[in-house]
Amino acid sequence: MINPLRGMKDLMFEDAQRFNHIIDTASRVAQRYGYSYIETPILEETALFKRSVGDSSDIVTKEMYQFEDKGGNDVCMRPEGTAGVVRAFISAKLDRQPVKQKFFYFGPMFRYERPQKGRLREFHQFGCESFGEASVYEDFTIIIMISQIFKELGIGFDLLINSLGCPACMPPYRKNLVSYLNNIKADLCSDCNRRIETNPIRVLDCKNETCQSLLSDSPKLINNLCEECESDFDQLRKLLDEAGIAYTVDTNLVRGLDYYNKTAFEFVSNEIGAQSAIAGGGRYDKLVEFLDGKPTPAVGFAIGIERIMELVKMPESQKEGYYMGAMVPDAVEKILLLAAQKRSSDKVTVEYASKGFKSHMKGADKSHARYAVLIGEDELANGTVWIKDLESKEEKTLPLADI
Ligand code: HAM
């Protein structure tokens, strides 16, 4: 028997309904905020992810589904959505137009991680990317939009925010941090030691407890921001306070992708175990330029769909449409034709086998139909149908043509 690959899942029934409900709800909210749908390829040149997500990030060094295709091209299954959307934005020359663009997307992402609860190798994201808006108002608006999506899905969350500075304040801070880290190097884990060389900022979010205790006195970027980054971050906090959105400033929140600057944020849930991040994002003002587009400020986020599946409160399922069945063999084809007609506007479940009344009523109940429609001997003789409203319990006999 062939099973799905480790860390990959099939989706059906109740789970598939939840999945669709999440996508529908998030898409509806995003459209209210002016986002339009974009679909980009799952497979892209490996160079795209190396340059955007970052050569030294875990995603690129350890987790990519990377291979050579039959034409000898070095390609990769996307580990995240932002890089592809930025590439599409530049490919369509939208960076050369003065118009602001906002896109939303959803679909599968691939990371070769160690599977565990909430961590898959193929998982799905719903994401948004906003191009051309440098104002921190857009960062605020995006955070409000995610809160709205979670509110409509009935999901509680904690919000963590941080500022990662900009090319003016980050490099001097990084230098400062590296000299602090070099002093405690001997006591840090091997991952941290490697990162001091490759990506020192990521040392800050090491999950090792010893490392974390050694880092408590490390210099904080938040205390070393340039004037502009500081005032943007203050403004963001002020707006969140005024909007009544609770948040925690987490100075160790650095995110696992290298393209961020200024605002970075994560939405976390304490109800789903260790993999608690349910959405993440931030500003990435240099990425378009870095991928050879014209300088374009940008900000975005992605929600991890599998992580919120079990948190979603599903709306009460409504009884809907018709259940149709025959109680004598000669009526089966009448039922079949009636169903075909009715399906031009309604959901219809049809039973092909001729059955007794009780058995049909059980079938109608299981199908969640609003109406049961049956044809028995009398109805067949008279050209009528028997119909019951399964909510009001009202029943009647109608001419076949009137249903
Ligand atoms: P990310 O934080 O890497 O950001 O992923 C966003 C969300 O995807 C996470 O918060 C988590 O819920 C979910 N996720 C990540 N990895 C897995 C996994 N292995 N299994 C299940 N769920 C997972 C990004 O991907 C950025 N592109 C977000 C962004 C958009 N930033 C700006 N624009």
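First things first, this report covers the structure right here in the doc. On a predicted model such as this, the values are computed, not experimentally measured, just so you know.

## Things to note about the side chain of Glu379
Tracing the sequence through the fold places Glu379 in helix H14 (residues 377-382). Buried and unpaired, Glu379 has Lys334 as its nearest opposite-charge partner, separated by 12 Å. Engagement of the side chain of Glu379 in a polar contact is seen with the backbone nitrogen of Gly376, the distance being 2.9 Å. In contact with Glu379, other than residues within four places in its own chain, are Leu374, Thr384, Val385 and Trp386.

## Brief notes about the site of the ligand
The ligand sits among 25 residues. The nearest are Glu80, Thr82, Glu113, Glu129 and Tyr260. Glu80 places a side-chain nitrogen or oxygen 2.6 Å from a nitrogen atom of the ligand. Within the side chain of Tyr260, a nitrogen or oxygen atom sits 2.6 Å from a nitrogen atom of the ligand. Protein contacts shield 96% of the accessible area of the ligand, which totals 660 Å² for the unbound molecule. Elements that contribute at least two residues to the shell around the ligand include exactly strand E6 (122-131), strand E10 (277-283) and strand E11 (298-304). Tallying contributions element by element places E10 first for the shell around the ligand, with five residues. Taken together, the residues of the shell around the ligand break down into eleven nonpolar, seven polar and seven charged.

## Here we look at the packing of helix H5 (residues 136-153) against helix H9 (residues 227-243)
Remark: H5 packs on H9, axes separated minimally by 9 Å, with the N-to-C direction vectors making an angle of 35°. The hand of the H5/H9 crossing is right-handed. Contacts between H5 and H9 involve Val136, Tyr137, Asp139, Phe140, Ile143 and Ile144 from the former and Asp232, Gln235, Leu236, Leu239, Leu240 and Ala243 from the latter. Of the residues that constitute the contact of H5 with H9, the class distribution is nine nonpolar, one polar and two charged.

## Considerations on the pattern of salt bridges
Per the stated rule, a full pass over the model turns up 25 salt bridges. Of the charged contacts, one joins Lys62 and Asp58 as a salt bridge, the two residues approaching to 3.8 Å between their closest N and O atoms. Here the residue Lys62 and the residue Asp58 both occupy positions in helix H3 (residues 58-62), the gap between them amounting to four residues, near one helical turn. A residue is classified by how much of its surface remains accessible, and Lys62, at 46% relative accessible area, is partly exposed. We note a salt bridge from Arg194 to Asp191, for which the minimum N-O separation is 3.0 Å. Taken as a pair, Arg194 and Asp191 lie in helix H7 (residues 190-198) at a separation of three residues, close to a single helical turn. Overall, Arg194 belongs to the partly exposed group, its relative accessible area being 32%. Each of Arg28, Arg32 and Glu152 takes part in one network of salt bridges that share partners.

## Digging into the packing of aromatic side chains
Evaluation of the coordinates by the stated rule reveals 16 aromatic pairs. Aromatic side chains Tyr37 and Phe106 sit 5.3 Å apart centroid to centroid with 35° between the ring planes, which places their arrangement in the tilted category. Here Phe106 lies in strand E5 (residues 101-110) and Tyr37 lies in strand E1 (residues 36-37), a separation of 69 residues in the sequence. On the basis of relative accessible area, Phe106 is assigned to the partly exposed category, the value being 29%. Ring centres of Tyr65 and Tyr112 lie 5.6 Å apart, and the angle between their planes is 70°; on these two criteria the pair is classed as edge-to-face. Taken together, the positions of Tyr65 in strand E3 (residues 65-68) and Tyr112 in the loop between E5 and E6 put the pair 47 residues apart, joining distant regions of the chain. Over the face of the ring belonging to Tyr112 we find Arg121, whose NZ or CZ atom lies 3.8 Å from the ring centre.

## Structural notes on the sheet that holds strand E15 (residues 384-389)
Spatial ordering of the open sheet is given by E13-E12-E14-E15-E16, a layout of five strands whose pairing is mixed. Sheet topology places strand E13 (348-350) and strand E16 (395-399) at the edges, where each strand pairs with a single neighbour. Going across the sheet, the axis of each strand differs from the next one's by a mean of 25°, ignoring polarity. Relative to strand E14 (residues 371-375), strand E12 (residues 322-326) runs parallel, the two sharing five bridges. Bridge assignment links Tyr322 to a residue of E14, and that residue is Tyr371. Along the sheet face, helix H12 (residues 332-342) touches E12, E13, E14 and E15 and points at about 160° away from the line of E12.

## Regarding H9
In an α-helix, one turn spans 3.6 residues; hence positions three or four apart end up facing the same way. If you check H9, its first and last C-alpha atoms are 24 Å apart, about what 17 residues at 1.5 Å a residue would give, namely 24 Å. Listing the buried residues of H9 in full gives Cys229, Asp232, Phe233, Leu236, Leu239 and Leu240. Angular distribution of buried residues about the axis of H9 spans 125°; they occupy a single face of the element. Of the exposed residues in H9, those oriented more than 90 degrees away from the buried face are Glu227 and Glu242.

## Some points on H5
Here H5 contains 18 residues, and its C-alpha end-to-end distance of 26 Å stays within 8% of the 26 Å for a straight helix at 1.5 Å per residue. Counting buried positions along H5 gives 13 out of 18 residues, so the element sits mostly inside the fold. N-cap assignment for H5: the residue whose side-chain oxygen lies 2.9 Å from the backbone N of Tyr137 is Ser135. Just downstream of H5, Gly154 is the residue with a positive phi angle, here 75°.

## Quick word on the environment of Asn73
Along the chain, Asn73 falls in the loop between E3 and strand E4 (74-77). Note: C-alpha distance between Asn73 and Glu45 (28 residues apart in sequence) is 7.6 Å. With residues up to four places along the chain from it excluded, the contact list for Asn73 reads Phe67 and Glu68.

Calculation rules
- Residues numbered from 1 in each chain as written.
- Predicted model: local features only at pLDDT ≥ 70, side-chain atom pairs only at ≥ 80, totals over all residues.
- Heavy atoms only, no water.
- Helix = DSSP H or I, 4+ residues; strand = E, 2+ residues; numbered from the N terminus.
- Buried < 20%, exposed > 50% of the residue type's maximum accessible area, 1.4 Å probe, protein only.
- Lys, Arg positive; Asp, Glu negative; His and termini not counted.
- Salt bridge = Lys/Arg side-chain N within 4 Å of Asp/Glu carboxyl O.
- Polar contact = N/O pair within 3.5 Å; in protein donor to acceptor, adjacent residues only side chain to side chain.
- Contact = heavy atoms within 4.5 Å.
- Near = heavy atom within 4 Å.
- Areas by Shrake-Rupley, 256 points an atom, 1.4 Å probe, with all protein chains shown as cover.
- Nonpolar A, V, L, I, M, F, W, Y, C, P; charged D, E, K, R; others polar.
- Axes fitted to C-alpha atoms, helices over the stretch in contact; angles between N-to-C directions.
- Left-handed = near helix turned anticlockwise from the far one by under 90°.
- Phe/Tyr/Trp six-rings, centres within 6.5 Å; stacked < 30°, edge-to-face > 60°.
- Lys NZ or Arg CZ within 6 Å of the ring centre and 35° of its normal.
- Pairing = 2+ DSSP bridges.
- Expected span 1.5 Å × (residues − 1).
- Arc of directions from axis to C-beta.

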